[in-house]
Amino acid sequence: MAASWLATQGRLPLAFMLLGLGWLGVATAMLALSPGVLALSHAAPAVVALTHAWVLGVFVSVATGAIYQIAPVALGTTLWRERLGWWHFALQSISIPGMVYAFSRWDMATLGLFASPFALGIGLFAINTWKTVRNSGRHDAVAWSLQLAALWLLLTVVVGLVAAANRLWTFLPFDPITVLRAHAHLGLGGFFLTLLQGVTFRLVPMFTLGDVPDWRPVRSGLWLSQFGLISLAPALLLQWNLLASASAVLVLAGMLSSGHAFRRTLATRKKRALDPGLRAFLAGCGALLLAPILGLLLLWPASPWGSGGGGFGAMPYAVALLVGGLLPVIVGMLCKVIPFLTWMIAYGPKVGRVPTPSAGALTAPRLEAWALSLQGSAVVPLFIGAWTQEPWLLSLGACLLAAGVMLFVYHAGLVLRHLWAPRIPASAAPPSP
Ligand code: HEM
């Protein structure tokens, strides 16, 4: 009974993981077909389209799916309304292709048409998350990070709609590029960072059999970053560089506090060897620490670096952040969550009745390690290529990334095959997370 309930619960997050996996293939193909876009200004339509294919298609799909999976486990409750989650899934699936198309044509009216159902989906997600947290009665750092992350995501989407409307009717008294910066930082900093500063402290102990020895640096890390993030977006919008720099310092202080807590948590783990997915997750978290430092360099008084292509501007900054930081974090999550959910659905209901393999036995760690290393090796050529506008470096980086992603998707297919072709081993093995 409990096992089949778990199997049903796993379907919604797995659907989001598959959506993210599909977009990982599409977004990589978009980059591989025209790597030269990374030499353009970051505000060029083709770049904004590519950014949203990655951010909405891959990162937001996987992260929201992970929340549907992790929130009930971390809070010791059930998801408030699973049906709302399926509505969110449907709205997100139909709206992202239209949004990416509209961005590439810079057609803001069509963008509004497709972005509205996307925003509705995020609204349903936020309500579901808040109600789930409220019903759990928990007020710890993990509960706060889930609620705040949902709030930041909703805010990002609303500001995105306003930015699109402003491009159409020009009613805001700000330079559109500053609106873009505020919106981008609300999403990348507000949503993803807030989520990582809480949920990591449930996820990593769960997968490494460790414990959080002290919650104080977790809490202070979360709140320091929140204070920084609250002032960062308006400071970027109003071009108050001093306030933006102070905000970036606060965010950095918060990240260092979380990093310190994370290091102590990892030290308690009973599973000493880290598998490829966890290593990628850790490497991505480490690279994300660079984001406020690179951001501070861009804010430096009389800095020549701006929004145009070439030089150390916003484009190499975005490449470092998205390909070097968020991508390994997100694929690292996929490495853990896809086998776990596949196991729950394919074998969970069979536990105790027939021998079942462990979740770990569904993966091929060497293949996974190759896929992740190839993806990691793409960061340097893409970063330097975006900086120097060197086409061969951009092509090399895009090819390495495409090879890594192809291998990764192939490996995920091998794991998912257990859903329709479960393999019953000769002897029973205990399930591992
Ligand atoms: C309804 C949903 C969304 C809409 C309508 C939207 C709209 C926009 C628009 C219009 C721009 C360009 C602004 C301009 O040049 O004036 C933009 C840029 C950007 N958006 Fe969104 N957005 C949405 C969701 C998101 C989310 C959820 C994230 C991240 C979590 C995000 C991240 C970004 C980033 C990073 C940029 C900068 C892209 C670049 O410079 O190449 N967006 N968005």
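Residues numbered from 1 in each chain as written. Predicted model: local features only at pLDDT ≥ 70, side-chain atom pairs only at ≥ 80, totals over all residues.

What is the right way to read the overall build of the protein from this model?
When helices and strands are counted, the protein shows 14 helices and zero strands. The helix and strand sequence of the protein, counted from the amino end, reads α-α-α-α-α-α-α-α-α-α-α-α-α-α. Here the protein has a C-alpha radius of gyration of 21 Å; the compact-globule value for 433 residues is 22 Å, and the two agree. Its C-alpha atoms give the protein principal-axis dimensions of roughly 65 × 45 × 40 Å. Restricting to contacts in the protein with at least 6 residues of sequence separation, those with at least 24 account for 81%. (Helix = DSSP H or I, 4+ residues; strand = E, 2+ residues; numbered from the N terminus. Rg over C-alpha atoms; globule rule 2.2 N^0.38 Å. Contact = placed C-beta atoms within 7 Å.)

What is the right way to read the packing of helix 11 (residues 314-346) against helix 12 (residues 365-377) from this model?
Two quantities define a packed helix pair, namely the angle between the axes and the distance from one axis to the other. In the contact formed by helix 11 and helix 12, the axes pass within 11 Å of each other and the chain directions differ by 170 degrees. Considering their axes alone, helix 11 and helix 12 lie roughly antiparallel with respect to each other. Where helix 11 approaches helix 12, its residues Leu327, Pro328, Val331 and Cys335 are matched on the opposing element by Glu368, Leu372, Gln375 and Gly376. Its residues placed into classes, the contact of helix 11 with helix 12 shows five nonpolar, two polar and one charged. (Axes fitted to C-alpha atoms, helices over the stretch in contact; angles between N-to-C directions. Parallel < 35°, antiparallel > 145°, perpendicular 65-115°, else oblique. Nonpolar A, V, L, I, M, F, W, Y, C, P; charged D, E, K, R; others polar.)

Is there a simple way to explain the nonpolar core in this structure?
The tendency in soluble globular proteins is for nonpolar side chains to be buried as a group. In this structure, Phe59, Val62, Val319, Ile330 and Leu334 are the most contacted members of the largest nonpolar core, which totals 150 residues. By residue number, the principal contributor to this core is helix 11, which donates 25 residues. (Core = buried A, V, L, I, M, F, W, Y, C linked by C-beta atoms within 7 Å. Buried ≥ 20, exposed ≤ 12 C-beta atoms within 10 Å, placed from the backbone.)

Whenever I open this one, helix 13 (residues 379-388) confuses me. Can you help?
What sets the pattern is the α-helix's 3.6 residues per turn: residues three or four places apart point alike. The buried fraction of helix 13 amounts to seven of the ten residues, a majority that puts the element mostly inside the structure. Val379, Pro381, Leu382, Phe383, Gly385, Ala386 and Trp387 are the residues of helix 13 that are buried. The elements touched by buried residues of helix 13 are helix 11, helix 12 and helix 14 (391-420). Two residues or fewer past helix 13, glutamine 389 is found with a positive phi of approximately 60 degrees.

Which parts of the structure should I look at to understand the packing of helix 11 against helix 13?
Axis separation between helix 11 and helix 13 bottoms out at 8 Å; the angle between their running directions is 165 degrees. In terms of their interaxial angle, helix 11 and helix 13 are classed as roughly antiparallel. In the crossing of helix 11 with helix 13, the sense of the turn from one axis to the other is right-handed. Between helix 11, through Met315, Pro316, Val319, Ala320, Val323 and Gly324, and helix 13, the contact on the second element is made entirely by Val379, Leu382, Phe383, Ala386 and Trp387. Among the residues forming the contact of helix 11 with helix 13, the class breakdown is ten nonpolar, one polar and no charged. (Left-handed = near helix turned anticlockwise from the far one by under 90°.)

Teacher, can you tell me more about the site of the ligand here?
The ligand sits among 28 residues. The nearest are His42, Ala115, Gly160, Ala184 and Gly187. The element contributing the most residues to the shell around the ligand is helix 6 (residues 176-208), with eight residues. (Near = placed C-beta within 6 Å.)

Mind showing me how you'd approach helix 9 (residues 276-288) here?
The terminal C-alpha atoms of helix 9 lie 18 Å apart, and with 13 residues this matches the ideal 18 Å at 1.5 Å per residue to within 8%. Turning to helix 9, its buried residues number three or more, namely Pro276, Gly277, Leu278, Ala280, Phe281, Gly284, Cys285, Ala287 and Leu288. Buried residues belonging to helix 9 abut helix 6, helix 10 (290-299), helix 11 and helix 12. (Expected span 1.5 Å × (residues − 1).)

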